[in-house]
Amino acid sequence: MFYSKVKKTIEGMIEDIYAGKEECTEVISYNLIKDQSVPVTLYAKLLYPLNQIKISIYCPFLLVEPDVKFEEIYKEDVVEDELRLMRIIAKFTSILDRMKIWISNEAPDMIRWGEGVIFDKNGKTKKIPFNSNYDSIFKN
């Protein structure tokens, strides 16, 4: 499950930062459809004076206007921070899962993706139905 992969990667990055690194970046891929995968960049940076870690999740496939950010501030042994981090990971992975379902239903002949659009076999583009309040992709 993609959620577990993202969570384990972020946990490893948090361990690295508390072991002495200032920042970590990991790139993992998410299989969208057939042989099409999208990169997911996970970024963690230590915020020195607060002893907190800023965690960001970025996927160019989800580039839309206005920008939707998947970022959270995390501090070790703070239960609320752990819950917020798990919530943002769940929100991000569920959005990618819903997009995968939308593509398989609405654009099964997708041949490649761009930032915020997909291309079919005829070269036509179709805008990804994603906005900042997530309503359009969660309707079925």
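Above: the structure in question.
Our subject in this report is the structure included herewith. Note that the coordinates shown come from a computational prediction; the quantities given were computed from them, not determined experimentally.

**Considering the sheet that holds strand 6 (residues 117–120)**
Working step 1: Taken together, the 3 strands give an open sheet; going across it, the order is 5-6-7, and neighbouring strands pair in antiparallel fashion. Only two strands of the sheet have a single neighbouring strand rather than two, namely strand 5 (110–114) and strand 7 (125–127). Averaged over all pairs of adjacent strands, the angle between strand axes in this sheet comes to 30 degrees, irrespective of strand direction.
Working step 2: Note that strand 5 and strand 6 share 4 bridges and pair antiparallel. For Arg112, the partnering residue across the bridge sits in strand 6 and is Phe119.
Working step 3: With respect to the sheet, helix 2 (residues 79–106) is in contact with strand 5, strand 6 and strand 7, its orientation differing from that of strand 7 by roughly 135 degrees.

**What to know about the sheet that holds strand 3 (residues 52–58)**
Working step 1: Strand order in this open sheet of 4 strands is 1-2-3-4, and the pairing throughout is antiparallel. Of all strands in the sheet, those bounded by a partner on one side alone are strand 1 (23–33) and strand 4 (70–74). Put simply, the sheet's adjacent strands are angled 15 degrees from each other on average, direction ignored.
Working step 2: For strand 2 (residues 36–47) and strand 3, the ladder comprises 7 bridges, and the chain directions are antiparallel. Bridged to Leu46 within strand 3 is Ile53.
Working step 3: Contacting strand 1, strand 2, strand 3 and strand 4, helix 1 (residues 2–18) runs over the sheet at an angle of about 175 degrees to strand 1.
Working step 4: Across the sheet, helix 2 is in contact with strand 1, strand 2, strand 3 and strand 4; its angle to strand 4 comes to roughly 165 degrees.

**What to know about helix 2**
Working step 1: Spanning 28 residues, helix 2 covers 40 Å between terminal C-alpha atoms, matching the ideal 40 Å at 1.5 Å per step.
Working step 2: When we look at burial in helix 2, the residues that qualify are Asp81, Leu85, Ile88, Ile89, Phe92, Thr93, Ile95, Leu96, Arg98, Met99, Trp102 and Ile103.

**Let's talk about the environment of Ile53**
Working step 1: For Ile53, the location among the structural elements is in strand 3.
Working step 2: The exposure class of Ile53 is buried, given its relative accessible area of 0%.
Working step 3: For the pair Ile53 and Ile14, spaced 39 residues apart in sequence, the C-alpha separation works out to 7.6 Å.
Working step 4: Leave out the neighbours within four places in its chain, and Ile53 touches Ile14, Ile17, Tyr18, Ala44, Lys45, Leu46, Glu72, Ile73 and Tyr74.

**Focus: the pattern of salt bridges**
Working step 1: Throughout the structure, instances matching the rule amount to 4 salt bridges.
Working step 2: The residue Lys7 makes a salt bridge to Glu11 at a minimum N-O spacing of 2.6 Å. Taken as a pair, Lys7 and Glu11 lie in helix 1 at a separation of 4 residues, close to a single helical turn.
Working step 3: You can call Lys7 partly exposed: its relative accessible area is 25%.
Working step 4: When the shortest N-O distance is used, the salt bridge between Arg84 and Asp81 registers 2.3 Å. Placement of both Arg84 and Asp81 in helix 2 is noted, with a separation of 3 residues, approximately one turn of the helix.

About the criteria used
Residues numbered from 1 in each chain as written. Predicted model: local features only at pLDDT ≥ 70, side-chain atom pairs only at ≥ 80, totals over all residues. Heavy atoms only, no water. Pairing = 2+ DSSP bridges. Helix = DSSP H or I, 4+ residues; strand = E, 2+ residues; numbered from the N terminus. Axes fitted to C-alpha atoms, helices over the stretch in contact; angles between N-to-C directions. Contact = heavy atoms within 4.5 Å. Expected span 1.5 Å × (residues − 1). Buried < 20%, exposed > 50% of the residue type's maximum accessible area, 1.4 Å probe, protein only. Salt bridge = Lys/Arg side-chain N within 4 Å of Asp/Glu carboxyl O.

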